[in-house]
Amino acid sequence: MLLVVGVYIVAGNLAGGAAAGGVGLAKGAVPAAYQTLVQRWGNLCPAINPALLAAQLYQESGFNPGARSPAKAQGIAQFIPGTWATHGVDGDGDGDRDVWDPEDAIPSAASYDCELAKYVKDVPGDASANMLASYNAGAYAVIRYGGVPPYRETRNYVKTITTLAKSFAAPVARVDPSRQAAGAIAYAQSKLGTPYLWGGTGTAAQSGRFDCSGLTQASYDKVGIKLPRVANDQYNAGPHPARSELLPGDLVFFSHDPNDSRAIHHVGIYVGGGYMIDAPRTGAVIRFDPIDGGDYFGATRVTEDGAKALPTHV
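Computed from a predicted structure; not experimentally measured.

Enquirer: So what's going on with the overall build of the chain? Which residues, and what values?
Expert: In terms of helices and strands, the chain carries 11 helices and 7 strands. What you see for the chain is a C-alpha radius of gyration of 20 Å, in line with the 20 Å of a compact globule of 314 residues. Seen along its three principal axes, the alpha-carbon backbone of the chain occupies a region of about 60 × 40 × 35 Å. Of all 314 residues assigned to the chain, the portion counted as buried reaches 53%. At a minimum sequence separation of 6, the contacts of the chain that also span at least 24 residues come to 60%. Carbon and sulfur atoms provide 53% of the accessible area of the chain, an area that totals close to 13,500 Å². Put simply, the chain has 25 plus and 28 minus side-chain charges, and the middle of one group is 10 Å from the middle of the other.

Enquirer: Kindly report on a nonpolar patch on the surface, identifying the contributing residues and their values.
Expert: Together, Leu192, Tyr275 and Phe288 give the surface a local cluster of nonpolar side chains, amounting to about 270 Å² of exposed area. With respect to the helices and strands, Phe288 occurs in strand E6 (residues 287–290). Using a relative accessible area of 40% as the deciding quantity, one classes Phe288 as partly exposed.

Enquirer: Summarise the state of the cysteines; cite the residues concerned and give the values.
Expert: Note on terminology: a disulfide is the covalent bond linking the sulfur atoms of two cysteines. Enumeration over the complete set of coordinates arrives at 1 disulfide. Across the disulfide from Cys45 sits Cys114; the S-S distance is 2.1 Å. Looking down the S-S bond of the Cys45 and Cys114 bridge, the torsion is -95°, so its handedness is left-handed. Of this pair, Cys45 sits in the loop between helix H1 (32–41) and helix H2 (50–61) while Cys114 sits in helix H4 (residues 102–119); the two residues are 69 residues apart in sequence, bridging distant segments of the chain. Exposure remark for Cys45: the relative accessible area of 15% places this residue in the buried category.

Enquirer: With reference to specific residues and values, describe the pattern of salt bridges.
Expert: Close approach of charged atoms allows side chains of opposite charge to pair. Scanning all chains against the criterion turns up 10 salt bridges. Salt-bridge contacts for Lys121 lead to Asp122; the nearest nitrogen and oxygen are separated by 3.5 Å. Residues Lys121 and Asp122 agree in their burial class; the two are exposed.

Conventions we followed
Within each chain, residue numbers correspond to sequence positions counted from 1 in written order. The model is predicted, so local features are restricted to residues of pLDDT at least 70 and side-chain atom pairs to those at 80 or more, both for listing and for counting; the totals for chains, interfaces and linings are taken over all residues. Only hydrogens and water are removed before side-chain values are computed, so all heavy atoms of the structure are retained for them. Numbered from the N terminus, helices here are DSSP runs of H or I no shorter than four residues, and strands are runs of E no shorter than two. Atoms counted for the radius of gyration: C-alpha only. Globule rule: 2.2 Å times the number of residues to the power 0.38. Partly exposed residues are those whose accessible area sits between 20% and 50% of the maximum for their type, while under 20% is buried and over 50% is exposed, using a 1.4 Å probe and protein chains only. Contacts are residue-level and defined by heavy atoms, with any inter-residue pair within 4.5 Å sufficient. Surface accessibility in these figures is a Shrake-Rupley result with a 1.4 Å probe; residues are shielded only by whichever protein chains are displayed. For the charge count, each Lys or Arg is scored as positive and each Asp or Glu as negative, with His and the chain ends excluded. Charge positions are represented by NZ for Lys, CZ for Arg, CG for Asp and CD for Glu. Patch membership requires over 30% relative accessible area and the absence of a salt bridge. Like charges are linked within 9 Å, and nonpolar side chains (Val, Leu, Ile, Met, Phe, Trp, Tyr) within 5 Å. Salt bridges, as used here, are contacts in which a Lys or Arg side-chain nitrogen is within 4 Å of a carboxyl oxygen on Asp or Glu. Cysteine sulfur atoms that pair up within 2.5 Å are treated as a disulfide.

Structure representation (structure tokens):
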């Protein structure tokens, strides 16, 4: 299984694991069925927090409790059998340890993270980063170098997972605007009037047509940001501004379930004044539409690092 680490701005101070109790979850970023578990167990020790734990589960399985990998990793937290045998816990107190039961697997993921943090607890620096680095490179390397070792793979791993974790944390300060937003909007505007195509990504074979997430993917690709293909994964490409804080270029999302980003069914690009550019449905064309409706879910301010951090397998 992978470990994750988050660093957030809390009350004006840079805080990692030490501010675990102060990190809240972004609206709907964690499916409602697991939100209480993640909030509770994400505060198990100072090296983790709820947003960090949420990012771990998303990275591992996309919150799928039935996930299996070719390496035989199992469940929502993707434990391999040997690791589960040693580190699995009976989180719900029902007398068994079931890797397929999120009420056992989520507490086990948190517990395992905290055990790893103990191995390097005396190493200077951020406890969460050291925990993550010890998983990737080994505790000995972290101890030897007095922190995250100077291995490109390990440092990239820490940065990647740190950035992913940020999309699960509720913002506590102003979210900086994207530098690429204007270019993404300009591309989407150039496609106004183009007929919708389910599964469309704008290829020549598709006569340049798009579906909703194909349009947003292509718009940000035009400015050098690679987004995932589907809308509910695009939601995790950066932090989440409130409705009152929207800026042009933000992605706006619509969901069948107001408490679950995995139920998102539509996405558009916000252009201001309560409107977006979107590819709405079969029989329609790319157009301006109002964003305020019963199924409005939330927004994402896309960042280049946020998009790069997204896993490709969920």
